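Residues per chain, in single letters:
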Amino acid sequence: MIRSVQKFFFNRSSRRATIAIIVFLLFWEICSRSLGWFGFQVPWIGKIPAPSAVITAWIPLLSDSGYWLSWYLSAKRVFTGFLVAMILGIPFGLLLAINRTAYGIMFPTFEVLRPIPPLAWVPAAIIFWPTAEMSIAFVTFLGAFYTIVINVLGGAQSIDQRFFQAARSMGSSQWDIFKRIVLPATVPSIAVGASVGMGITWEVVVAAEMISGGGSDGGGKGGGLGFFIWDSYLGGSYQQIVVGMISIGIAGYLSSSLIRALGDHFSKWTRR
Amino acid sequence: MNESIKANPNMGRGQISIDNVVKIYDPDGAAVMAVDHCSLEIAAGEICMIVGPSGCGKTTLLNAIAGFHSINSGSITMDGQMLCGPGKPQATPGSDRIVVFQNGALFPWKNVLDNMMFGPVMAGKMGIKEIKEKAFSMMADAGLSGTENNFPGELSSGVRRRVEIVRALMNDPSVLLLDEPYRALDSLTKSVMHEALLDIYYKNKVTIFFITHDLQEALFLGNKVAIMTSRPCKPKKVLTVDIPYPRSYRVVTDQRFRDLMEETSELVHEEAKKSFAAGEREG
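Residues numbered from 1 in each chain as written. Chains lettered and ligands numbered in written order. Predicted model: local features only at pLDDT ≥ 70, side-chain atom pairs only at ≥ 80, totals over all residues.

Our focus in this paragraph is the overall build of chain A. Counting its regular elements, chain A contains twelve helices and zero strands. When the helices and strands of chain A are placed in sequence order, the string is α-α-α-α-α-α-α-α-α-α-α-α. Split into buried and exposed, the 272 residues of chain A put 36% on the buried side. Counting contacts in chain A only where the partners sit at least 6 residues apart, residues at least 24 apart contribute 68% of the total. (Helix = DSSP H or I, 4+ residues; strand = E, 2+ residues; numbered from the N terminus. Buried ≥ 20, exposed ≤ 12 C-beta atoms within 10 Å, placed from the backbone. Contact = placed C-beta atoms within 7 Å.)

This part takes up the overall build of chain B. Summing up its helical and strand segments, chain B has seven helices and ten strands in all. Computed over C-alpha atoms, the radius of gyration of chain B comes to 19 Å, within 12% of the 19 Å expected from 2.2 N^0.38 for 283 residues, which places it in the range of a compact globule. In terms of principal-axis extent, the alpha carbons of chain B reach across some 50 × 50 × 35 Å. Counting over 283 residues, chain B shows a buried share of 45%. Contacts in chain B between residues at least 24 apart in sequence constitute 74% of all its contacts with a sequence separation of at least 6. (Rg over C-alpha atoms; globule rule 2.2 N^0.38 Å.)

This part takes up the interface of chain A and chain B. Taken together, the contacts link 14 residues of chain A with 22 residues of chain B. Mapped onto the side of chain A that touches chain B, the elements with two or more residues apiece are α9 (161-169) and α10 (174-212) of chain A. The biggest single contributor to the side of chain A that touches chain B is α9(A), with six residues. In the side of chain A that touches chain B, the residues fall into six nonpolar, four polar and four charged. (Nonpolar A, V, L, I, M, F, W, Y, C, P; charged D, E, K, R; others polar.)

Glancing now at the domain arrangement of chain A. Many authors give the size of an interface as the accessible area that is lost as the parts come together. Domains assigned within chain A are domain 1 (1-48) and domain 2 (51-270). Centre-to-centre, using C-alpha coordinates, domain 1 of chain A lies 31 Å away from domain 2 of chain A. (Domains from an automatic or database assignment.)

This brings us to the pairing of strand β1 (residues 16-25) of chain B. Residue and element names in this part refer to chain B. Here β1 runs beside strand β4 (residues 73-78); their pairing, made up of five bridges, is antiparallel. Bridge pairing in β4 links Ile16 to Met78. With seven bridges joining them, β1 and strand β2 (residues 32-42) adopt antiparallel strand pairing. Bridge pairing in β2 links Ile24 to Met33. (Pairing = 2+ DSSP bridges.)

This part takes up the sheet that holds strand β5 (residues 81-84) of chain B. Residues and elements named next belong to chain B. As summarised here, the arrangement of the four strands in space is β2-β1-β4-β5, forming an open sheet in which the pairing is antiparallel. The strands lining the two open edges of the sheet, one partner per strand, are β2 and β5. In this sheet, neighbouring strand axes are inclined to one another by 30° on average, regardless of whether the strands run parallel or antiparallel. (Axes fitted to C-alpha atoms, helices over the stretch in contact; angles between N-to-C directions.)

Residues and elements named next belong to chain B. Across the sheet, six strands lie side by side as β6-β7-β8-β3-β9-β10; this open sheet has mixed pairing. Of all the strands in the sheet, the pair left with one neighbour each is β6 (97-100) and β10 (235-240). When strand polarity is set aside, the average angle formed by the axes of neighbouring strands in this sheet is 15°. Bridge analysis of strand β3 (residues 47-51) against strand β8 (residues 207-212) gives five bridges, and the strand direction is parallel. Bridged to Met49 within β8 is Phe210.

Moving on to helix α6 (residues 100-113) of chain A. Residue and element names in this part refer to chain A. The terminal C-alpha atoms of α6, which comprises 14 residues, lie 20 Å apart, in line with the 20 Å expected from a rise of 1.5 Å per residue. Along its length, α6 reaches its greatest deviation from straightness, about 40°, at Met106, and the proline Pro108 lies no more than four positions downstream. Among the 14 residues of α6, zero are classified as buried, and the element is accordingly described as predominantly exposed. (Expected span 1.5 Å × (residues − 1). Bend = angle between axes of the 7 residues up to and from the residue.)

This part covers the packing of helix α5 (residues 65-98) of chain A against helix α8 (residues 132-157) of chain A. A pair of packed helices is characterised by two quantities: the angle between their axes and the separation of those axes. Residues and elements named next belong to chain A. Contact geometry for α5 and α8: axes closest at 7 Å, N-to-C directions at 35°. Here the hand of the crossing between α5 and α8 comes out right-handed. The residue inventory of the contact of α5 with α8, partitioned by class, reads 22 nonpolar, seven polar and one charged. (Left-handed = near helix turned anticlockwise from the far one by under 90°.)

Residue and element names in this part refer to chain A. Interaxial distance between α5 and helix α12 (residues 238-266) falls to 12 Å at its minimum, and their mutual angle equals 40°. Here α5 lies oblique to α12, going by the angle between them. The two elements α5 and α12 cross, and the hand of that crossing is right-handed. Counted together, Trp71, Ser74, Ala75 and Val78 of α5 and Ser247, Ala251 and Ser255 of α12 form the full contact between these two elements. Here the contact of α5 with α12 is composed, by residue class, of four nonpolar, three polar and no charged. (Parallel < 35°, antiparallel > 145°, perpendicular 65-115°, else oblique.)

Here we take up the environment of B:Leu83. Residues and elements named next belong to chain B. Secondary-structure assignment places Leu83 in strand β5. Overall, Leu83 belongs to the buried group, with 24 C-beta atoms counted inside 10 Å. Placed ten residues apart in sequence, Leu83 and Pro93 show a C-alpha to C-alpha distance of 9.3 Å. For Leu83, the residues in contact, after removing those within four places along its chain, are Ile65, Ile76, Thr77, Met78 and Ala91.

Here the focus is the pairing of β4(B). All names here are of chain B. Taking every second residue as pointing to the same face, the buried face of β4 carries Gly74, Ile76 and Met78, while none of Ser73, Ser75 and Thr77 on the other face is buried. Here β4 pairs with β5 via three bridges, running antiparallel. Residue pairing for β5: Ile76 is matched across the bridge by Cys84. Count of turn residues in the β4/β5 antiparallel hairpin: two residues, of which Asp79 carries a positive phi of about 50°.

Below, the discussion takes up the nonpolar core. Membership of the largest hydrophobic core comes to 81 residues, with the highest contact counts inside it found for B:Met49, B:Val51, B:Ile65, B:Leu177, B:Phe209 and B:Phe210. Discounting chain neighbours no more than four positions away, the residues touching B:Phe210 are B:Ile47, B:Cys48, B:Met49, B:Ile50, B:Leu178 and B:Leu221. If you look at the next biggest cluster of nonpolar residues, it comprises 50 residues, including A:Ile90, A:Phe145, A:Ile150 and A:Ile241. (Core = buried A, V, L, I, M, F, W, Y, C linked by C-beta atoms within 7 Å.)

All right, on to unusual backbone geometry then. Residues and elements named next belong to chain B. The linkage connecting Tyr245 with the following residue, Pro246, adopts the cis geometry, with an omega of -5°. With respect to the helices and strands, Pro246 occurs in the loop between β10 and α7 (255-278). Non-glycine residue Glu180 carries a positive phi angle of around 40°.

Laid out in structure tokens, this is it:
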């Protein structure tokens, strides 16, 4: 443990990253305070609250249960949408890959629906689903679903013919081939689809929360990090907008790392 | 034959008769004859080398034996049983005929041990423990001990080839069908692989049907060498290499080997030129 912490701090790339972040924060701080310090405002970035002001606004929030509830609500929506997308998307992608008839019937419709951005679904989703919560979950699900299906389909279709021939000559049944060839060979593509899909769900959930007023959970007042940002904007608390944005960055990074770690774990063999 | 070569349970299995086989590919109505009335006898326990230019239709013949492709007429029998022929254009793939592919077909998501065990597990005739023991003993025989936990991607291409041949042998096949397995290897690795293959052959005495475009490889390994015409493919000359096994790499400098090279290289060269002129590529 101590060794790995040491390694992190003495490692060249993490040292670079740390320095880059510090330089960036300093630059931001100076630009934000330019009006007071130098008498002129740096365009664009000069209007944004300085990092020190953001941190000052952040500290009281850390002990505010409403802030953490926003984290919880957004994460819950992301993971619900994402998991449902995995549960439906993986079998659907595999079905399209192994069954010509299913492919012929369903793929054209799928391809027409796919380019519709999930956010374009928000009004329709609000009409379809009885609660705002379900509309948000649905839109989040759509964000990950298409990416996962396309990756699974592509992965399963590009399996080399030799593997099937080899398996067949060693006496594999159709089911064996599916279970022992198609599935494991598709795992790396599933992992790619999942990590891209996870990124999209965060983008989508935040926008959906802003549009739909934060859903019905959170004690009727709505919530989620997207709503938190929107609410801060309406309330004129610009520091909190930035707090919300950075929170989403951190949340997205953590969930992507988790998905990547899981993906790496299940596709060890692709690392040479 | 050398006396050090033990009698083997495989003896007497894997005799193949290819009789007047014709294969026509018909992409977009343009009939291309890949194999033209090809006949060839391969004795049980023999190494039969099929030499011909790239794209001459050798692989078509191999796919017909393996059961990956159909034939249009003629028949192929193994040990008296018809694999494909009148009324049955395509053979059923089976573990008595295992292919070792040109680009390798080890399952990259399984480690070496699981790859080894795949065939016998599918066959379901032995318990897992027995299969594992067999895998370890065959790997030890082939000098592959210690690789069992590696994924194929972690091994050199030479080692991967050896693993794949041993995986094939795990199925107790009557015949091994090798499709230019050493094509991608450099010539030094190749000569090591040749000796290793012969070593495996001495121990298992399985019939080997080996496709190559490398004449020296054919003469070094084979005890029967069939030089094929360029497309359509059929034997132009079949010769027996009367150099006794076991052979070491030094054989290639022997007078007898050089005579055989001289005798055959003209034939091969002729076909290569024809194939080049016809613009044939893969096949």
